[in-house]
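Chain by chain, the residues run as shown.
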There are 2 protein chains.
Amino acid sequence: MTARIIPIIMAGGSGTRLWPLSRDSRPKQFISLLGSGLSTFQETLRRVAGATFDRPIVVTSQDFRFVCAEQLQALGIEAEIVLEPERRDSAAAVAVGTLLARRRNEQALCVVLAADHAISNADAFVADCLRAAQAAAAGMIMTLGIRPTAPSTAYGYLSVGSQDLGHGARRLAGFVEKPDVETARRYIEAGHLWNSGNFIFSAERMLTELRSFAPEVLDGATAALDGALRDLDFLRLDADAFARVPKISIDYAVMERTGHAGVVEASFDWSDIGSWDAVHELKEKDGQGNVLEGSVSVIDTTDSLVISDEVLTTVIGLSDVIVVSTRDAVLVADKSAAPKVKELVAQLTRDGHAEATAHLRIYRPWGWYQRIDIGPRFQVKHICVKPGGLLSLQRHHHRAEHWVVVHGTAEVTIDDKVSLFHENEAAYLPIGCTHRLRNPGKIDLKIIEIQVGSYTGEDDIVRIEDVYARS
Amino acid sequence: MTARIIPIIMAGGSGTRLWPLSRDSRPKQFISLLGSGLSTFQETLRRVAGATFDRPIVVTSQDFRFVCAEQLQALGIEAEIVLEPERRDSAAAVAVGTLLARRRNEQALCVVLAADHAISNADAFVADCLRAAQAAAAGMIMTLGIRPTAPSTAYGYLSVGSQDLGHGARRLAGFVEKPDVETARRYIEAGHLWNSGNFIFSAERMLTELRSFAPEVLDGATAALDGALRDLDFLRLDADAFARVPKISIDYAVMERTGHAGVVEASFDWSDIGSWDAVHELKEKDGQGNVLEGSVSVIDTTDSLVISDEVLTTVIGLSDVIVVSTRDAVLVADKSAAPKVKELVAQLTRDGHAEATAHLRIYRPWGWYQRIDIGPRFQVKHICVKPGGLLSLQRHHHRAEHWVVVHGTAEVTIDDKVSLFHENEAAYLPIGCTHRLRNPGKIDLKIIEIQVGSYTGEDDIVRIEDVYARS
């Protein structure tokens, strides 16, 4: 086998179970959770960066296109980024990825990977993929099964069949749903494995199975790709076609029905980092069983996870708790209740809390901004523009703005005039003026923006021109 | 009895057990904790504002002089404010207050009140004071005893004697220390009462007992008063003399030794709000036994106190917890561990966390300021100046400042030039310039200040002139 395996990376999830660090506006696959300084998306990219693999296909939401591109760029890795106009579950994403892979190579072998899982050993992962690829080349859809360490009720289980497919691979006797604890215990006794959600298959086999078991998914994905548009470096799927693809997981659509499923038992440790208790599990603990990160101080506290990204956070006299503190939201939970964070986020959304889905720091293709103060008739923001970053040419109807440069150099356009502003210089933008901000320098530009006016909402913006195709 | 009782209000405590809302820079007696919109200091003032009482003497720390004056002014109540240069425990404060009361009236009757207690019924309090005053006029030092509602280990107990002093007052058989739970149970069976820390006595009797049992306290207090200086509206005790007063509580110094102690059983409910569990106890609870205040959302949570002053704060699956969340510090504690907050604050102080003692919002005689952002070579503050407020004439060596008015009108002096700035106008203060800010208007002045320079510490300030006597 000489052709390289094409990775299809699923990076469109919303990750609400790790709120408040993970939010819709920047979900868990794009944040650095595990202390490596890299996101799990980046760890996943690195895992498939070797010679075994071809250029990856990343399937993600259009909302994540800039963070995705930025994190790829930071690693110096190139990928084909496919943008989903909305979430349609995993069958749609696998179908799109597989269709693209086959365009690249009729005989393509693919590996589908989740962008938000933790895997202990990248070399072992590659070796397992190669073992599975042998069976995949022979027409099997291979799963990577994880030997259970506890009777988890959060995972699906794989029933390993007796037929040997060679290289340690076995035919799969069945996919089973997330069980209750008692059933999970029996599954473990029966030798079942956890379904890690990684699949290795030939494009041809997957498309054949989709045609048999989920033709609407395949037709919709094909139409969405046929109508797709190139937008900067992204491939933007046709929204109307994609909206018609049934919302169904690849497990239901194909894996539970195909007669060609196999399994390789993984030789690495794995976690889907599905909730905060999993994060506690994954991280190194101190003598009291605690994971303490950031500005944190505790007394009489054990077996707990306490993370602060800024605010001094303290715990007294508690065990098995999760405390996650950010500048605009705090979560306190019993460890056993960690999976209920998803329910909490739904409750917060219903109650109209913007913190449920939006981070305080808003990432943009040119950098980021963060509100630091707000009151009647004013708002203050910290704006960071990357070298070369260029904000849209814009105008506001209801607010004037004061910009004070606190780091770097700003090129400011106000109506027809272009001027440079350096550290400790201020620009004034009267209501209604046409203006634009650019960082012409080699270091980050940081600005404090004070908005004053009768309305300071984000939607008072008229974008006249935008290099990032947002106008 | 016609002379009015002189209240001596002890308002110098540090209140670390209610951190992070209560901190050294503005302790619990000055914050609105109980939902009335008033601080317990103000509630205490109101309790003794009727015709039964004379103008109060407030004994507090010099650090609290402006908040004290401001809170008096807000109620339209006048008081004699005595400033302690340092904390010397309650005997010193009682001695100073009593000496001042006797200056006012040789036959003065005094009531000593803690500024940080909650009392359910002000009329009942006054009635009880009047009953106690009868015995006090006859030479007794009267306590107000509280019928215990639980075998608390946080309070001292009063052993009620058999001798009737009239009007329901009884001679005190003894003061007993904070007991363990078993002892507390026996005390309650024996009919002991809680010591509320309120005392009613004649100035003459208290000074006689101090002379007998704590002459160094009396001598030190006398010397501190003799050397005291008037400073604006405050009486500032002589620091050297006051530093020599022994650090001892009035309980140890006098109450446990005097043969003239009596007790009136209080007809009001009382709490010293000694820790967060007491706050939970005092407040009205919802159907799940929770007290939820501010931006708070919970799931499966019972019998808990969750307070947020700004940041969205969430709890899942916990019972009997305290969560107090402020913009710069978060406390999570098991309710039973609430008294350990004091230990936590000591730990935070040792570890150099400024949040242990200083609030983010710093109160000044002219208003307040609050840091809203900080980074290398810059800092951003929100400044609020009350009508008529005037900051010191000052100069900085290492930073320039940009002021943007977002509310009200500013009179800005830069070197020799005085100008008015209105909403949406900005002033620039170059490094080294002499400048001053005043609010000449009728509404609050709010300014966003952006400091830029090599050093933005609070101590880079040369005060050239200050109406509040701080230069």
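Per chain, the residues get numbers from 1 upward, laid out in the order the sequence is written. To label them, take the chains in the order written and letter them from A, then take the ligands in the order written and number them from 1. Reporting in this predicted model follows two pLDDT cut-offs: at least 70 for local features of residues, and 80 or more for side-chain atom pairs to be given and counted; totals over whole chains, interfaces and linings ignore these cut-offs and use all residues. Based on all heavy atoms of the structure, the side-chain values leave hydrogens and waters out of the count.

Looking at an unreviewed UniProt entry, one finds chain A named mannose-1-phosphate guanylyltransferase, with Aureimonas glaciei as its source organism. Within the UniProt record for chain A, the comment given under Sequence similarities (unreviewed entry) is "Belongs to the mannose-6-phosphate isomerase type 2 family." Comment text from UniProt for chain A, heading Catalytic activity (unreviewed entry), reads "alpha-D-mannose 1-phosphate + GTP + H(+) = GDP-alpha-D-mannose + diphosphate". UniProt positions are given in the numbering used here, feature names are shortened, and annotations may be inferred rather than shown by experiment.

### Describing the overall build of chain A
Looking only at helices and strands, chain A features 11 helices and 30 strands. Computation of the radius of gyration draws on C-alpha atoms alone. For the globule rule, the value is 2.2 Å times the number of residues to the power 0.38. Taking 23 Å as the expected radius of gyration for a compact globule of 471 residues, we find that chain A reaches 24 Å, a close match to that expectation. Projected onto the principal axes, the alpha-carbon positions of chain A cover approximately 75 × 60 × 40 Å. Accessibility here uses a 1.4 Å probe with only protein chains present; expressed as a share of the type maximum, an area under 20% marks a residue as buried, one over 50% as exposed, and anything in between as partly exposed. Buried residues in chain A amount to 58% of all 471 residues. Here chain A has roughly 18700 Å² of accessible surface; of this, 47% comes from carbon and sulfur atoms. Lys and Arg are tallied as positive, Asp and Glu as negative. Neither His nor the chain termini are counted. In this description, the location of a charge corresponds to atom NZ of lysine, CZ of arginine, CG of aspartate or CD of glutamate. Across chain A, the centroid of the 50 positively charged side chains sits 3 Å from that of the 62 negatively charged ones. Think of it this way: any DSSP run of H or I at least four residues long counts as a helix, any run of E at least two long counts as a strand, and we number them from the N terminus. Surface accessibility in these figures is a Shrake-Rupley result with a 1.4 Å probe; residues are shielded only by whichever protein chains are displayed.

### Focus: the interface of chain B and chain A
Each partner contributes residues to the interface: chain B has 55 residues there, and chain A has 55 residues. Summed over both partners, buried area is the accessible surface (1.4 Å probe) that two parts give up on being assembled. Summed over both sides, the interface between chain B and chain A buries roughly 4500 Å², with carbon and sulfur atoms accounting for 62% of that surface. Counting the surface chain B buries against chain A, the share from its top three residues, Leu 312, Ile 316 and Val 332 of chain B, is 15%. The rule for a salt bridge is simple: a side-chain nitrogen of Lys or Arg has to be within 4 Å of a carboxyl oxygen of Asp or Glu. In this structure, the connection of chain B to chain A is made through 4 salt bridges. Measuring nitrogen to oxygen at the nearest pair gives 2.8 Å for the salt bridge that ties Glu 423 of chain A to Arg 377 of chain B. Pairing of N or O atoms within 3.5 Å defines a polar contact, subject to two protein rules: one partner must be a possible hydrogen donor and the other a possible acceptor, and residues neighboring in sequence count only if both atoms are side-chain atoms. At the junction of chain B and chain A, the tally comes to 28 residue pairs in polar contact (both at pLDDT 80 or more). Sort the elements by how many residues they give to the side of chain B that touches chain A and strand E19 (residues 329-334) of chain B lands first, with 6 residues. Each residue gets one label: Ala, Val, Leu, Ile, Met, Phe, Trp, Tyr, Cys and Pro are nonpolar, Asp, Glu, Lys and Arg are charged, and the others, such as Gly, are polar. Residues of the side of chain B that touches chain A, tallied by class, amount to 31 nonpolar, 12 polar and 12 charged. Two strands pair under a simple rule: DSSP has to find at least two bridges between them. With 5 bridges joining them, strand E17 (residues 312-316) of chain A and E19 of chain B adopt parallel strand pairing. Bridging from a neighbouring strand, Thr 313 of chain A pairs with Val 330 of chain B of E19 of chain B. Only heavy atoms matter for contacts: two residues are in contact if any of them lie within 4.5 Å across the pair.

### Overview of unusual backbone geometry
A cis amide bond links Trp 19 of chain A to the next residue, Pro 20 of chain A, at an omega of 5 degrees. Its place among the elements puts Pro 20 of chain A in the loop between strand E1 (6-10) and helix H1 (40-47). Within the chain, Asp 89 of chain A stands out as a residue other than glycine whose phi angle is a positive 70 degrees. Within the element layout of this structure, Asp 89 of chain A appears in helix H3 (residues 89-104). When its relative accessible area of 41% is taken as the criterion, Asp 89 of chain A is described as partly exposed. With a phi angle near 50 degrees, Asp 415 of chain B is a residue other than glycine that sits in the positive phi range. Along the chain, Asp 415 of chain B falls in the loop between strand E25 (410-414) and strand E26 (417-421).

### What about the packing of aromatic side chains?
Note on aromatic pairs: the rings of Phe, Tyr and Trp (six-membered ring only in Trp) are paired at centre separations within 6.5 Å, and the planes decide the class, stacked below 30 degrees, edge-to-face beyond 60, tilted for the rest. By the definition in use, this model includes 18 aromatic pairs over all chains. For the pair Phe 30 of chain A and Phe 64 of chain A, a centre-to-centre distance of 5.5 Å together with 65 degrees between the ring planes defines the contact as edge-to-face. Of this pair, Phe 30 of chain A sits in the loop between E1 and H1 while Phe 64 of chain A is found in the loop between strand E2 (57-61) and helix H2 (65-75), placing the two residues 34 residues apart along the sequence. An identical accessibility class is assigned to Phe 30 of chain A and Phe 64 of chain A; each is buried. Judged by centre distance (6.1 Å) and plane angle (80 degrees), the ring pair of Phe 66 of chain B and Phe 234 of chain B falls under edge-to-face. Taken together, the positions of Phe 66 of chain B in helix H2 (residues 65-75) and Phe 234 of chain B in strand E11 (residues 234-236) put the pair 168 residues apart, joining distant regions of the chain. Residues Phe 66 of chain B and Phe 234 of chain B agree in their burial class; the two are buried. The rings of Phe 30, Phe 41 and Phe 64 of chain A are connected pair by pair, giving a single aromatic cluster. The rule is short: NZ of Lys or CZ of Arg within 6 Å of the ring centre and within 35 degrees of the ring normal puts a charge over the ring. Directly above the ring of Tyr 363 of chain A sits Arg 26 of chain A, whose terminal nitrogen or CZ lies 3.5 Å from the centroid. Directly above the ring of Trp 368 of chain B sits Arg 361 of chain B, whose terminal nitrogen or CZ lies 3.5 Å from the centroid.

### Comments concerning the pattern of salt bridges
Applying the stated rule across the entire model yields 46 salt bridges over all chains. Measuring nitrogen to oxygen at the nearest pair gives 3.8 Å for the salt bridge that ties Glu 80 of chain B to Arg 230 of chain B. Remark: Arg 230 of chain B occurs in strand E10 (residues 229-231) and Glu 80 of chain B occurs in strand E3 (residues 80-84); sequence separation between them is 150 residues. In this structure Glu 80 of chain B comes out as buried when scored by relative accessible area, which is 12%. A residue is classified by how much of its surface remains accessible, and Arg 230 of chain B, at 53% relative accessible area, is exposed. The salt bridge involving Glu 209 of chain B is made with Arg 205 of chain B; its shortest N-O contact spans 3.2 Å. Taken as a pair, Glu 209 of chain B and Arg 205 of chain B lie in helix H6 (residues 203-213) at a separation of 4 residues, close to a single helical turn. The pair formed by Glu 209 of chain B and Arg 205 of chain B is uniform in burial state, with each residue classed as buried. Members of the salt-bridge network, linked through shared partners, are Arg 4, Asp 54, Glu 80, Arg 104 and Arg 230 of chain A.

### As for the relation of the copies chain B and chain A
Only residues with pLDDT of at least 70 in both copies contribute their C-alpha atoms to the least-squares superposition of the copies. Relative to chain A, chain B is turned by 180 degrees and slid 0.0 Å along the rotation axis, the superposed coordinates differing by an RMSD of 0.1 Å. These values place the two chain copies in the arrangement generated by a two-fold rotation axis. Across chain B, the smallest distance between a C-alpha and the rotation axis is recorded for Ile 372 of chain B, namely 3.0 Å. Mapped onto chain A, 100% of the interface residues of chain B are again interface residues, and the two copies thus contact each other with one and the same surface.

### A look at the UniProt feature "domain: Mannose-6-phosphate isomerase type II C-terminal" (unreviewed entry) in chain A
According to UniProt, the feature "domain: Mannose-6-phosphate isomerase type II C-terminal" (unreviewed entry) maps to residues 352-466 of chain A in the numbering used here. Along residues 352-466 of chain A, the helical share is 0% and the strand share 56%, with 30 Å between the first and last C-alpha atoms.

### A few points about the environment of Lys 283 of chain A
Residue and element names in this part refer to chain A. As for its placement among the helices and strands, Lys 283 is situated in the loop between helix H10 (276-282) and strand E14 (291-293). C-alpha of Lys 283 to C-alpha of Leu 305: the two residues are 22 residues apart in sequence and 9.2 Å apart in space. Among residues more than four places away in sequence, those in contact with Lys 283 are Leu 33, Leu 34, Gly 35, Val 291 and Glu 293. A polar atom in the side chain of Lys 283 sits 2.5 Å from the backbone oxygen of Leu 33.

### Brief notes about the side chain of His 396 of chain B
Residue and element names in this part refer to chain B. With respect to the helices and strands, the residue His 396 is situated in the loop between strand E23 (393-395) and strand E24 (399-407). Taking relative accessible area as the criterion, His 396 reaches 1% and is therefore assigned buried. In this structure the side chain of His 396 is engaged in a polar contact, spanning 3.1 Å, whose partner is the side chain of Glu 401. Here His 435 takes part through its side chain, which lies 3.3 Å from a polar atom of the side chain of His 396.

### Things to note about the UniProt feature "domain: Nucleotidyl transferase" (unreviewed entry) in chain A
With numbering aligned to this structure, UniProt lists the feature "domain: Nucleotidyl transferase" (unreviewed entry) at residues 7-286 of chain A. For residues 7-286 of chain A, the end-to-end C-alpha separation is 37 Å, with 36% helix and 25% strand making up the annotated structure.

### A closer look at the domain arrangement of chain A
The split of the chain into domains comes from an automatic or database domain assignment. Split by domain assignment, chain A resolves into domain 1 (6-271), domain 2 (276-350) and domain 3 (361-465). Here the C-alpha centre of domain 3 of chain A lies 40 Å away from the C-alpha centre of domain 1 of chain A.

### Some details on the sheet that holds strand E20 (residues 361-364) of chain A
Residue and element names in this part refer to chain A. Taken together, the 6 strands give an open sheet; going across it, the order is E20-E21-E22-E29-E24-E27, and neighbouring strands pair in antiparallel fashion. Of all strands in the sheet, those bounded by a partner on one side alone are E20 and strand E27 (426-429). When strand polarity is set aside, the average angle formed by the axes of neighbouring strands in this sheet is 20 degrees. As paired strands, strand E24 (residues 399-407) and E27 are joined by 4 bridges and run antiparallel to one another. When the bridges of E27 are listed, Glu 401 appears paired with Leu 429. A fitted line through C-alpha atoms serves as each axis, taken over the contacting stretch for helices, and the angle formed by two N-to-C directions is quoted from 0 to 180°.

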